[in-house]
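Chain and residue survey
Here's the letter readout for the chains.
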Amino acid sequence: MKFLLVTLIVHNDDRSPTERFREVVENAVLAEDLGFDGFGVGERHERPFISSSPPVVLSHIAAKTSRIRLFTAVTTLSLLDPVRAYEDCATLDHLSDGRLELIIGKGNGAAQAQLFHVTAEDQWDRNRESYELFRRLWREDKVTWEGRFRPSLTEAETWPRPLQRPIRVWHGSATSKESVDLAARYGDPLFSANVTNPIDPYAELIDHYRERWAHYGHDPADALVGAGTAGYYAAKTSQEAIATYRPIYEARVAFQRTLGLPIVFPTLEDAIERSSILVGSPQQVIDKVLRYHKRFGHEVMHLHADADGLTPKQHRDALELFQTEIAPALRAEIPSRPFPGGTA
C-alpha cells in the first residue's frame, strides 16, 4: 500500500498566511524524510482555505524535496482554462523531475459561482470538457479543438512540452457518478474522498467505477483506487490516543457548526465507529484500514498532513509511529503497484 499526506491548507488561526505556507512546506519535507510516498495540496477558493494555487505551492515543495511524489488534490478543471492548467502543470512536471500526479475534480463551494461563474448545472460538463482537452494537450504536439466553454483551437501548440508522457491523472470522487464514469471511460485511477460520510456511499461509487471500467473494455485487474481518511492520530495505547484527540475532534465539530455544516459524526466515538477517521493504537489503525480495504480494494491512502490541533511533537510522533509500526504491516498485507517512473 502507498501512503500520501494531503492538505487543503486550512487557515483559521492567528498565524499569517506566510507562516501557514511555511508550515505546509515543512510538513512536505517531513513526509519525505519519514518515508511517505506522496504529498498532496488541494484547491479551494474560499475561507477558511488558502489553497487557491496548488501548482505554486507544489513547485516550492519540489525544490525542497527529491523523491516524494507530488499530487494536486484536487485540480478543479471545471474552473480552470485547460490550456493554462496544462501550462502550469507541464512546467511543474519539469521542475519536479517528473514527480507530479494530478487528481482532478469539479470542486465545491459557493465561491465557484461567485468567482468563476461555474454553477451546479454546468460544473460536470465543464469538468469533462476541460479534462478531454487537457488530456489531448498533454499528449499531442498540435491540437485542433472546439467546445462549449472556451475559445476553439486550431493547430495550437503549448509549451513546454511535458516531461512525463503521459502523466497519471486520478479522478477525485465524493458524491457523483459523473466523475467515476469519466475515470472509467479513459482508464484512469479513481481517488475516493471517503471523508464526510460513512463508508457505504463511497463503496457504492467505487463499485460503480469497477462496473464502468469493465463496460468500457478495460482489464478489471488494471483498475486502481485510492481513498482518503477523515483524520489520524495513533499512540501506543487506544486510551492515550482517544484522550489526546478528543478535544481536537470536539473543536473540529464546533468549527463545522460555525460554518453551518451538517454534523454527521457528533462524537469522537461515533466517528471512530462509523467514519474513516483513524484514532487508536497502531493495531487498531491497521485493523480498520484492512476492513476498509476489503470493501474498497484500494492500494493508495491519504492521511491529513496538518497537525490539526496537535502539538508539533505529537504530530511528528504520530507520523513516525505510522511509518514504523502501521505502514510496514499494511504494505505487507496490501500489495500495490509502483508509482510512475519506477518508484516502488
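Residues numbered from 1 in each chain as written. Predicted model: local features only at pLDDT ≥ 70, side-chain atom pairs only at ≥ 80, totals over all residues. Heavy atoms only, no water.

**Quick word on the overall build of the protein**
For the protein, the helix and strand inventory stands at eleven helices and twelve strands. The C-alpha radius of gyration of the protein comes to 20 Å, within 12% of the 20 Å expected for a compact globule of 344 residues. Seen along its three principal axes, the alpha-carbon backbone of the protein occupies a region of about 65 × 45 × 40 Å. Counting the 344 residues in the protein, one finds 52% classified as buried. (Helix = DSSP H or I, 4+ residues; strand = E, 2+ residues; numbered from the N terminus. Rg over C-alpha atoms; globule rule 2.2 N^0.38 Å. Buried < 20%, exposed > 50% of the residue type's maximum accessible area, 1.4 Å probe, protein only.)

**Focus on the pattern of salt bridges**
It is possible for side chains of opposite charge to pair when their charged atoms get near one another. Per the counting criterion, the structure on display carries 28 salt bridges. Between Asp122 and Arg126 there is a salt bridge, with the nearest N and O atoms lying 3.1 Å from each other. Each member of the pair, Asp122 as well as Arg126, carries the same accessibility label: buried. Ionic pairing is found between Asp141 and Arg161, a salt bridge with its closest N-O pair at 3.3 Å. Of this pair, Asp141 sits in the loop between helix H5 (123-139) and strand S5 (143-145) while Arg161 sits in the loop between strand S6 (153-156) and strand S7 (169-173); the two residues are 20 residues apart in sequence, bridging distant segments of the chain. On the basis of relative accessibility, which here comes to 45%, the residue Asp141 falls in the partly exposed class. On the accessibility criterion, Arg161 (13% relative accessible area) is buried. One network of salt bridges, with partners in common, ties together Asp13, Arg15, Arg20, Glu23 and Asp306. (Salt bridge = Lys/Arg side-chain N within 4 Å of Asp/Glu carboxyl O.)

**Quick word on the pairing of S7**
The buried fraction of S7 amounts to five of the five residues, a majority that puts the element mostly inside the structure. Alternating residues of S7 divide into Val169, His171 and Ser173 and Trp170 and Gly172, and every residue in both groups is buried. The pairing of strand S4 (residues 100-105) with S7 spans three bridges and is classified as parallel. Looking at the pairing, Ile104 lines up with His171 of S7. (Pairing = 2+ DSSP bridges.)

**Re the packing of helix H2 (residues 54-64) against helix H3 (residues 82-95)**
When two helices pack together, their arrangement is given by the angle between the helix axes and the distance between those axes. Orientation of H2 relative to H3, taken along the N-to-C sense of each, is 10°, at an axis distance of 10 Å. Our classification of the angle between H2 and H3 gives roughly parallel. Residue-level inspection shows Pro55, Leu58, Ser59 and Ala62 of H2 in contact with H3, the latter providing Asp88, Leu92 and Leu95. When its residues are assigned to classes, the contact of H2 with H3 shows five nonpolar, one polar and one charged. (Axes fitted to C-alpha atoms, helices over the stretch in contact; angles between N-to-C directions. Parallel < 35°, antiparallel > 145°, perpendicular 65-115°, else oblique. Contact = heavy atoms within 4.5 Å. Nonpolar A, V, L, I, M, F, W, Y, C, P; charged D, E, K, R; others polar.)

**As for the environment of Leu190**
Within the secondary structure, Leu190 sits in strand S8 (residues 190-192). Residue classification places Leu190 among the buried positions, given a relative accessible area of 0%. In the structure, Leu190 is positioned 80 residues away from Asp270 in sequence and 27 Å away in space, judged by C-alpha atoms. Once residues within four sequence positions are removed from consideration, Leu190 is found in contact with Trp170, His171, Ser173, Val180, Ala183, Leu205, Ile206, Tyr209, Leu224, Val225 and Gly226.

**Looking at the UniProt feature "domain: Luciferase-like" (unreviewed entry) in the protein**
Sequence positions flagged by UniProt for "domain: Luciferase-like" (unreviewed entry) are, in local numbering, residues 1-297. Along residues 1-297 the backbone is 46% helical and 16% strand, and the end-to-end C-alpha distance reaches 11 Å. (UniProt positions renumbered as here; feature names shortened; annotations may be inferred.)

**Looking at the environment of Trp159**
With respect to the helices, strands and loops of the structure, Trp159 is situated in the loop between S6 and S7. When the C-alpha positions of Trp159 and Asp141 are compared, they lie 9.1 Å apart, and in sequence the two are 18 residues distant. If near-sequence neighbours (up to four positions away) are discounted, Trp159 is found in contact with Tyr86 and Glu87.

**Quick notes on the nonpolar core**
The biggest cluster of nonpolar side chains holds 73 residues, and the ones touching the most others in it are Phe36, Phe39, Ile61, Tyr232 and Phe322. At seven residues, helix H11 (residues 312-333) tops the list of elements feeding residues into this core. Non-local contacts of Ile61, meaning those with residues more than four positions away in its chain, are made with Val24, Val25, Ala28, Phe39, Val41 and Leu70. If you look at the next biggest cluster of nonpolar residues, it comprises 16 residues, including Ala184, Leu190, Ala203 and Trp213. (Core = buried A, V, L, I, M, F, W, Y, C linked by side-chain atoms within 4.5 Å.)

**Section: the side chain of Asp37**
Among the secondary structure elements, Asp37 is positioned in the loop between helix H1 (17-34) and strand S2 (38-41). A distance of 2.8 Å separates the side chain of Asp37 from the backbone nitrogen of Phe3, its partner in a polar contact. (Polar contact = N/O pair within 3.5 Å; in protein donor to acceptor, adjacent residues only side chain to side chain.)

**With respect to the packing of H5 against helix H6 (residues 177-186)**
Contact geometry for H5 and H6: axes closest at 10 Å, N-to-C directions at 20°. With respect to H6, the element H5 is oriented roughly parallel. As H5 packs across H6, the resulting crossing turns out to be right-handed. Seen from H5, the contacting residues are Trp124, Asn127, Arg128, Tyr131, Glu132 and Arg135; seen from H6, they are Glu178, Ser179, Leu182, Arg185 and Tyr186. The residue inventory of the contact of H5 with H6, partitioned by class, reads four nonpolar, two polar and five charged. (Left-handed = near helix turned anticlockwise from the far one by under 90°.)

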